[in-house]
Amino acid sequence: MSATHGSVHSLWTVAAEAPSIEYAQLSPTLLVLGAAVIGILVEAFAPRRLRYGAQVLLAFLGLAGAFAAVVGLAVGGYATEKAAVAGVGAIAVDGPALFLQGIILLVAVVAVFTFAERRLEPTAHGTRVDSFAAQPAAVPGGEGERAAVRAGWTTTEIFPLLLFAVGGMLLFPAANDLLTLFIALEVFSLPLYLLCALARRRRLLSQEAAVKYFLLGAFSSAFLIFGIALLYGYAGTVSYAGIAQVVEGSVPSPSPALASAMASDALLLIGGALVVMGLLFKVGAVPFHMWTPDVYQGAPTPVTGFMAAATKVAAFGALLRLLYVVLPGLRWDWEPVLWGVAIASMLAGAVIAITQTDVKRLLAYSSIAHAGFILAGVVAVTPSGVSSVLFYLLAYSFVTLGAFAVVTLVRDAGGEATHLSKWAGLGRRSPLVAAVFAVFLLAFAGIPLTSGFAGKFAVFKAAAEGGAGALVVVGVIASAIAAFFYIRVIVLMFFSEPSPEGPTVAIPSAFTTAAISIGVAVTLVLGVAPQYFLELAGQAGVFVR
Amino acid sequence: MESLIGLLVAAPLLGAAVLLCGGRRLDRAGHWLGTALAAVSFALGAVLFFDMLGRSGGERTLHQHLFSWIPVEGFQADVAFRLDQLSMTFVLLITGVGTLIHLYSVGYMEHDARRRRFFGYLNLFLAAMLLLVLADNYLLLYVGWEGVGLASFLLIGFWQHKPSAAAAAKKAFLVNRVGDAGLAIAIFLMFTTFGTFAFGEVLAAADGAGEGTLTAIGLMLLLAACGKSAQVPLQSWLGDAMEGPTPVSALIHAATMVTAGVYLITRSGAIYDAAPNAQTVVVIVGAVTLLFGAIVGCAKDDIKKALAASTMSQIGYMVLAAGLGPIGYAFAIMHLVTHGFFKAGLFLGAGSVMHGMNDEVNMRKYGGLRRHMPITFVTFGLGYLAIIGFPGLSGFFSKDLIIEAAFSAGGVRGWVLGGATLLGAALTAYYMTRVMLLTFFGEERWRHRPTATPAEPDVEPAAGRGAAAPGRASGQTAGQAAGAAAEPHPHESPRVMTLPMIVLAFGSVFAGGLFNWGEAFVHWLEPVTRFEHPHPPLPIPVITGATVAVMLLGVGLAWLQYGRRPVPVTAPRGSLLTRAARRDLFQDDFNHAAFVSGGQHLTRSLVYLDHTVVDGAVNGTAAAFGGLSGRLRKVQNGFARSYAVSMFGGAAVLVAATLLMRAV
């Protein structure tokens, strides 16, 4: 009893010395989370008619400020020689973290544009509305919903939710211990579950998607936390550097009590595999991919675009750090397993996409295949592997955002017309929109002069140099299969007769126009002149230990 | 001075760019712009020529290095020019005759709606041809080679609304591709053998290379020359190329482009000197072509086709001479230049006749035109006397020298070649006299037309003539229709057309004598082509006498057949040889049987193979993946519980695999 009392006492006295927090180095995350908190206050206190403008401005400023902070840190040398571990060892500030945070923030800015679009839906009783439900808490089709629509309500909470998710995503690839990793995961997952349920049209489908995502996400989180527990049991610490040292055997056992457990590699191997599995769920790799098509299809399209782009960036960042910092000593154990996952993802994604009839599901399977391509770069385990993955994520995220933004434009009486048969002959009626979508599809397919080619080339080159030649061969075959269904959509758009009752292309406001334009610009610039960005990714390719 | 060389090419190139991109605003003055730029090029050439004369023999070669075209390790291709006596000769011929023909075209194409474009193409041709002869290396020469091919294609098919013109352009293009492939292969071989393309380095190193390689290079260069210069076996395009406007036939298909093959062989002399077998093939090709063309020329009733066959035959003389080595190179070039004068003059004369005859080309419907077109008659007549080798005129000197050189080849070879050239001279005299008699002498067959179709009552003769001039613009079919409706009114052509004919007639008369004055031309070229005096087995006066005798024999025979007796308007059936010659000695039948039908069969079987085997494999693969996809997507059943089970299974596999890896 007294011993317990004593330990509690000592905890208190230790805690009395406040840890030193490097606020400047953590400023990107802090700015975004701060803006999210202010957003909540705006929801609570500002009048309803002012909320939309205030939230869009606040989200934009918060994200832009955070991006400026990331650029400032990178220019200040934190990406290279001054790379450090901040926040009492919990958060890394280094090249990969800053590069990925930059991508996530840019993606989020573009996502804010698509969230804020209010020209596509027909006006509800004189109010311009967005793609999100008037009152999410109301029963779909019930009296409450009708009243909310009549009143012209909109769900401006989406902006703080987006900011919270972005805050978690910023933390995720920078997390330098397992607990921070888990918390960051939950911080960005929970707002995403909510956002998925907020579609204005087809609300039941949207809610089903959210529930599935939540259930499966919780399931995978359980695996992840179980893995963390096993790793803690093995190493006696949750710090990445600490675990790495124990794996390498460079430190003696921290306590005699743990010595017997540490002798058992089973804890390490199982724990490592489960943590990796939790991250593979987030990137949507086979066999943890099955939520992807259902959720991508059901979620509001702006949310799908954001989720598909930013989640992948954050999760691959965390996976890279885990494999390169914590588990490099186990490389010969996890590399073959990830080979299998990469091959399965590439082939399954590409093959199943062939028979899809819905644009959003098609893009979901395409994202599974792309997860496989990126994994090919991850298993290279070389500095060029890291930089190729960073570059690929930059290229892929903007193509994805742009493609989903185009999907929001093609509409008929029931909202977005996502069935592929309705896209037939789109090139005849709306050549510009069809051409832009064709650019994105060609980038997905990895055709030269688009960012997709540069990214795929970088990843395959790194994989081949890393000794994964067979993986590259499978990757190229999968690319060929994938090219079929991308090109098929192009053929459908340009070489089929349009049906008379086909969809119309809505004229968007400046928000979506800007989002699509940025997507096209990044796709073409990275495709035509990738060298500068490849070098940037190359400089950012070293993890802090 | 060196910097002027680039301008020589740049002037017509600028003209082509301005005329082809300038649009309709230039329609009114474009032809004068094109002519002026050709004249500028000629003036530059003249300045460079007098500058060159001012220097001694060894220092006359000028180089201009513009830029490195492809600067890679081990592969240096430069854009550089070389102006020596050989290229200087060509520059003056090309720009001089080119300027005259530009001038002539101003009148000839007056009523054509697309005259600006025509001059743009002519300028493009000049630029490409100058690039060809000025290039300092084989790769740049190839650029010019393809450039003149393109210009030739565009100009043959200039009246592309006529199916015959479009087909002729296509035929010329395709046949030339065979030759171009030869040039490309020759350049590949040069690069692998010598590691360079530059004339200086390749030709200097030629002695050191193996004879087999040199023979291969020589034969491939000969193939290229055959394509461009219409030599057997790639001769079939030249006759059809007469579908182009007559100035084009005069400039490209008589005076300049078709002689590019002779230039190539002469320029590559060092390679042939070291490869006697290739040289023998060159001589054979030349001898065969000179007889082939002459025989065909004897039977053609179309004035332009007769002249085209004659061109083929005369280039055969040049190729034969070039194949004789240092005793023949200078004579080949000399005949090339004199031929440039008189053949261009003859073509322009033919164009002038057609201009006055409602575009009629059938000589059997001419006759007695000397009274109606005196200037054309005199200039054409001087060209005629020059080509048959009438003593004192240009052709006499240049052809006689080639015949002497042919006899000097030594042994049986010399006698065979000498005999062939003499026979060719007799045939030349025969077919050219025939052309002359049919066109300018005899009764006026265009007047009494036994099968005259009834004239349309509402078309007056004057209106018929008015329609005839645009008829050339809108095609020969329209012209013939107008000609059938109204009797032609032959008249002399305007001054702008007769002036170039007069200038060229002066060249036809005096150039040969001038060149031969103290062997001036031979000594001029000697630093580039080297020269050895031929030593014929017979005394030179005997050979000259024989040449004149066979010429008179040919003239006499033609007069017996076409001068003494009236000429039927419809061609008689003729002997077997005549009928064969009318069909170009079955060249097209041979090509069709040997290549076209075989190619079509190959294409058909490849298409069949593509449809069954290739498409089958591709479609089968696609169907297999589609089926697989259809099965796999059933796994995605929409139930969260199934997804969770699959995740659990996946996690189990992942863990098991990781543990297994450690166990293994």
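Predicted model only: the values in this text are computed from it and were never measured.

A closer look at the overall build of chain A
Right, so step 1: Of the regular secondary structure elements, chain A holds 22 helices and five strands.
Right, so step 2: Taken over 545 residues, chain A has a buried fraction of 61%.
Right, so step 3: Considering only contacts in chain A between residues 6 or more positions apart, those separated by 24 or more positions represent 81%.
Right, so step 4: Entry remark: accessible area of chain A is about 19,400 Å², with carbon and sulfur atoms responsible for 71%.

With respect to the pattern of salt bridges
Pairs may arise between side chains of opposite charge once their charged atoms sit close together.
Right, so step 1: Across all of its chains, the model carries 34 salt bridges over all chains by this definition.
Right, so step 2: With its nearest N and O atoms 3.1 Å apart, the salt bridge here joins Arg-177 of chain B to Asp-180 of chain B. Here Arg-177 of chain B and its partner Asp-180 of chain B are both found in helix α6 (residues 163-194), three residues apart, which amounts to about one turn of the helix.
Right, so step 3: Accessibility expressed as a relative area gives 33% for Arg-177 of chain B, which makes it partly exposed.
Right, so step 4: Accessibility expressed as a relative area gives 3% for Asp-180 of chain B, which makes it buried.
Right, so step 5: Each of the salt bridges in this network shares a partner with another, and the network as a whole consists of Glu-208, Lys-212, Asp-294 and Arg-361 of chain A.

Thoughts on the interface of chain A and chain B
Right, so step 1: Contact residues are listed per partner, giving 37 residues for chain A and 25 residues for chain B.
Right, so step 2: Together chain A and chain B conceal approximately 2,700 Å² of surface at their shared face, both sides included; 75% is due to carbon and sulfur atoms.
Right, so step 3: Where chain A packs against chain B, one counts two salt bridges.
Right, so step 4: A salt bridge links Arg-662 of chain B to Asp-265 of chain A; the nearest nitrogen and oxygen atoms lie 2.5 Å apart.

Considerations on the sheet that holds strand β5 (residues 504-505) of chain A
Residue and element names in this part refer to chain A.
Right, so step 1: The antiparallel open sheet is built from three strands, whose spatial order is β4-β3-β5. Since the sheet does not close on itself, it has two edges, and those belong to β4 (415-416) and β5, each with one partner.
Right, so step 2: Pairing analysis gives two bridges linking strand β3 (residues 410-412) to β5, with the strands arranged antiparallel. Bridged to Val-410 within β5 is Val-505.

Here we look at the pairing of strand β1 (residues 62-72) of chain B
All names here are of chain B.
Right, so step 1: Inspection of the sheet shows β1 paired to strand β2 (residues 75-83) by nine bridges, in the antiparallel sense. Counted as the bridge partner of Gln-64 is Phe-81 from β2.
Right, so step 2: Linking β1 to β2, which pair antiparallel, is a turn of two residues; within it Gly-74 sits at a positive phi near 80°.

Overview of the confidence of the model for chain B
Residue and element names in this part refer to chain B.
Right, so step 1: For chain B, the mean per-residue pLDDT works out to 88, and 94% of the residues sit at or above 70.
Right, so step 2: Confidence drops under pLDDT 50 across residues 452-485; counting only partners more than four residues distant or on other chains, this segment forms 35 contacts.
Right, so step 3: Across the predicted assembly, pTM comes out at 0.67 and ipTM at 0.90.

Here we look at the packing of helix α14 (residues 303-322) of chain B against helix α15 (residues 329-356) of chain B
Residue and element names in this part refer to chain B.
Right, so step 1: One can describe the packing of α14 onto α15 by two numbers: an axis separation of 9 Å at closest approach and a directional angle of 175°. Judged by the inter-axis angle, α14 sits roughly antiparallel to α15. Within the contact between the two elements, α14 uses Ile-303, Lys-304, Leu-307, Ala-308, Ser-310, Thr-311, Gln-314, Tyr-317, Met-318, Ala-321 and Ala-322 and α15 uses Tyr-329, Ala-332, His-335, Leu-336, His-339, Lys-343, Leu-346, Phe-347, Ala-350 and Met-354.
Right, so step 2: Class assignment for the residues of the contact of α14 with α15 results in 14 nonpolar, five polar and two charged.

Remarks on the environment of Phe-281 of chain A
Right, so step 1: Mapped onto the fold, Phe-281 of chain A is located in helix α11 (residues 265-283).
Right, so step 2: Given the relative accessible area of 0%, Phe-281 of chain A is considered buried.
Right, so step 3: Spatially, the C-alpha atoms of Phe-281 of chain A and Thr-292 of chain A are 9.5 Å apart, while their sequence positions differ by 11 residues.
Right, so step 4: Ignoring any residue separated from it by four or fewer positions in sequence, one finds Phe-281 of chain A in contact with Leu-216, Gly-217, Ser-220, Phe-288 and Trp-291 of chain A together with Met-647 of chain B.

Some thoughts on the side chain of Asp-136 of chain B
All names here are of chain B.
Right, so step 1: Mapped onto the elements, Asp-136 comes out in the loop between α4 (115-134) and α5 (138-156).
Right, so step 2: Despite being buried, Asp-136 has no salt bridge partner; Arg-82 is the closest side chain of opposite charge, sitting 4.2 Å away.
Right, so step 3: Not counting chain neighbours up to four residues away, the residues in contact with Asp-136 comprise His-63, Ala-80, Phe-81, Arg-82, Ala-198 and Phe-199.

Thresholds applied
Throughout, a residue's number is its position along its own chain's written sequence, starting from 1. By the order in which they are written, chains take letters starting at A while ligands take numbers starting at 1. With the structure being a predicted model, the display of local features is reserved for residues of pLDDT at least 70 and the display and counting of side-chain atom pairs for 80 or more, all residues being used for whole-chain, interface and lining totals. Water and hydrogen atoms were dropped before computing side-chain values, which therefore reflect all heavy atoms in the structure. Working definition: helices are DSSP H or I runs of at least four residues, strands are E runs of at least two. Numbering for both runs from the N terminus. Only protein chains enter the accessibility calculation, which uses a 1.4 Å probe; a residue whose area is less than 20% of its type maximum is buried, one above 50% is exposed, and one in between is partly exposed. Contacts were defined at the residue level, with two residues in contact if any of their heavy atoms lie within 4.5 Å. Using the Shrake-Rupley algorithm and a 1.4 Å probe, accessible areas are obtained, with residue cover drawn only from the displayed protein chains. Salt bridges are counted wherever a side-chain nitrogen of Lys or Arg sits within 4 Å of a carboxyl oxygen of Asp or Glu. A simple way to read buried area is as the amount of 1.4 Å-probe accessible surface that goes missing from two parts once joined, with both sides added. Pairing between two strands is assigned when DSSP locates at least 2 bridges connecting them. On a scale of 0 to 100, pLDDT captures the predictor's confidence in every residue. To obtain an axis, a line is fitted to C-alpha atoms, over the contacting stretch when the element is a helix, and the angle between two such axes runs from 0 to 180 degrees between their N-to-C directions. Angular relationships are summarised with four words: roughly parallel below 35 degrees, roughly antiparallel beyond 145, roughly perpendicular across 65 to 115, and oblique for the angles in between. Residue classes follow a fixed rule: Ala, Val, Leu, Ile, Met, Phe, Trp, Tyr, Cys and Pro count as nonpolar, while Asp, Glu, Lys and Arg count as charged, and any other residue, Gly among them, counts as polar. Residues scored as charged are limited to Lys and Arg (positive) and Asp and Glu (negative), so that His and the chain ends carry no count.

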